[in-house]
Amino acid sequence: MRGIVAAVLACVCMGAVAAPVAPTKAVESTGLRSIAGWLKAHGAEGFLAADVADAMGIARGADDELIAARQRGFRDDQILRIAQLIDGDTLLFMVQGPGEVYFYLSSVRGGLRKALVSVPGREAVTPLEAAEAESNFRREVLYWEQRIGQ
């Protein structure tokens, strides 16, 4: 009997860990629209490199080495944050800290679509776990909402 209970608990626990976190589109969509509008109005002309676009799954022409974007960036003591608006509906947030760079791809209407972390010294790029991705992404949206409110 103990073996059956332990097996059921193990299955339930594994399912809970593997289950993706439900996105909170309602909470983020207003913020994402505000950030996109702010980048359209106040962002500087910039570009996204083809290798980053490919890693994030952003469509580009076969001969395009750079993709046009409206962008803004801010640096504090240890962290560089950049937000880019691509084609009016795609937002890419990049957060570079000591030893790693986080990328969060979202659409203005659909919320978070992809989250990766890159370790430049090791040339390693890995997807974030669903819960960590959602939590970090929400934090990043809040950061940009506060920046545009200043």
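Residues numbered from 1 in each chain as written. Predicted model: local features only at pLDDT ≥ 70, side-chain atom pairs only at ≥ 80, totals over all residues. Heavy atoms only, no water.

Side note on the overall build of the chain
Applied cut-off: Each helix is a run of DSSP H or I of at least 4 residues and each strand a run of E of at least 2, with the numbering of both proceeding from the N terminus. Burial classes follow relative accessibility: with a 1.4 Å probe on protein chains only, a residue under 20% of its type's maximum area counts as buried, one over 50% as exposed, and anything between as partly exposed. Only heavy atoms matter for contacts: two residues are in contact if any of them lie within 4.5 Å across the pair. Residue-level accessible areas treat just the shown protein chains as cover; the underlying method is Shrake-Rupley with a 1.4 Å probe.
Scanning the chain from terminus to terminus reveals four helices and seven strands. Along the chain, helices (α) and strands (β) appear in the sequence α-α-β-α-β-β-β-β-β-β-α when read from the amino end. For the chain, the residues scored as buried account for 37% of the 150 residues in total. By sequence separation, contacts in the chain at least 24 residues apart represent 45% of the contacts at least 6 residues apart. Counting only carbon and sulfur atoms, one obtains 56% of the accessible surface of the chain, whose full area is about 9,000 Å².

Some points on the pattern of salt bridges
Test applied: Salt bridge criterion: a side-chain nitrogen from Lys or Arg within 4 Å of a carboxyl oxygen from Asp or Glu.
One pass over the structure, following the stated rule, counts four salt bridges. The partner of Asp89 in a salt bridge is Arg109, and the shortest N-O contact between them spans 3.5 Å. Placement of the pair is Asp89 in the loop between strand 3 (80-86) and strand 4 (90-97) and Arg109 in the loop between strand 5 (100-107) and strand 6 (111-119), with a sequence separation of 20 residues. A relative accessible area of 23% means that Asp89 is categorised as partly exposed. For Arg138, the salt bridge is made with Glu134, and the minimal N-O distance between the two is 3.8 Å. Placement of the pair is Arg138 and Glu134 together in helix 4 (residues 130-149), with a separation of four residues, close to one helical turn. Arg138 gets classed as partly exposed once you look at its relative accessible area, which sits at 28%.

Things to note about the pairing of strand 4
Cut-off, in case you're wondering: Only when DSSP finds a minimum of two bridges between them are two strands counted as paired.
Counted residue by residue, strand 4 has seven buried out of eight residues, so it is predominantly covered. In the sheet, strand 3 pairs with strand 4 via seven bridges, with the strands oriented antiparallel. Considered in strand 4, the bridge of Gln84 is made with Leu92. Linking strand 3 to strand 4, which pair antiparallel, is a turn of three residues; within it Asp87 sits at a positive phi near 55°. Relative to strand 5, strand 4 runs antiparallel, the two being bridged by eight bridges. Across the sheet, Val95 pairs through a bridge with Tyr102, a residue of strand 5.

Looking at a negative patch on the surface
Test applied: Like charges are joined within 9 Å and nonpolar side chains (Val, Leu, Ile, Met, Phe, Trp, Tyr) within 5 Å, but only among residues with over 30% relative accessible area and no salt bridge; these make up the patches. Counted as positive: Lys and Arg. Counted as negative: Asp and Glu, with His and the chain ends omitted from the count. Positions of charges follow a simple convention, taking NZ of Lys, CZ of Arg, CG of Asp or CD of Glu.
Negative charge collects at one region of the surface, where Asp51, Asp63, Asp64 and Glu65 lie side by side. Residue position: Asp64 is located in the loop between helix 3 (50-56) and strand 2 (66-75).

A short note on helix 4
The periodicity of an α-helix, 3.6 residues per turn, causes residues three or four positions apart to be oriented the same way. Heads up, the condition is: One fewer than the residue count of a helix, multiplied by 1.5 Å, yields its expected span.
Taking 1.5 Å per residue, 20 residues should reach 28 Å; helix 4 reaches 29 Å between its end C-alpha atoms and fits that length. All of the buried residues in helix 4 are Ala133, Glu134, Asn136, Phe137, Glu140, Val141, Tyr143 and Trp144.

A short note on the confidence of the model for the chain
The condition that has to hold: Confidence of the predictor in every single residue is expressed as pLDDT, which spans 0 to 100.
Scored by pLDDT, the chain comes out at a mean of 83, with 81% of its residues at no less than 70. Taken together, the stretch residues 1-24 has pLDDT below 50 and engages in eight contacts with residues farther than four places along the chain or on a different chain.

Things to note about the nonpolar core
We apply this condition: Side-chain atoms within 4.5 Å are what join buried Ala, Val, Leu, Ile, Met, Phe, Trp, Tyr and Cys residues into a set we call a nonpolar core.
By size, the foremost hydrophobic cluster in this structure holds 23 residues, and its most contacted members are Leu91, Phe93, Tyr104 and Trp144. Elements with a minimum of two residues in this core: helix 2 (25-42), strand 3, strand 4, strand 5, strand 6 and helix 4. With residues up to four places along the chain from it excluded, the contact list for Trp144 reads Ile35, Trp38, Arg72, Gly73, Phe74, Arg81, Ile82, Ala83 and Phe93. Listed in part, the 13 residues of the second largest apolar core include Ala53, Met56, Ile67 and Leu105.

Brief notes about the sheet that holds strand 4
Which entries qualify depends on this criterion: Orientation is described by lines fitted to C-alpha atoms, with helices fitted over the stretch in contact, and by angles between N-to-C directions that extend from 0 to 180 degrees.
One open sheet holds the seven strands; their spatial order is 1-2-3-4-5-6-7, and the pairing between them is antiparallel. On the outer flanks of this sheet lie strand 1 (44-49) and strand 7 (124-127), each paired with one strand and no other. The average angle at which neighbouring strand axes cross in this sheet is 30°, direction not considered. Summarising the sheet, strand 2 and strand 3 pair through six bridges and their orientation is antiparallel. Counted as the bridge partner of Gly73 is Ile82 from strand 3. In this fold helix 4 packs onto strand 2, strand 3, strand 4, strand 5 and strand 6, with an angle of close to 80° to the strand it touches most, strand 5.

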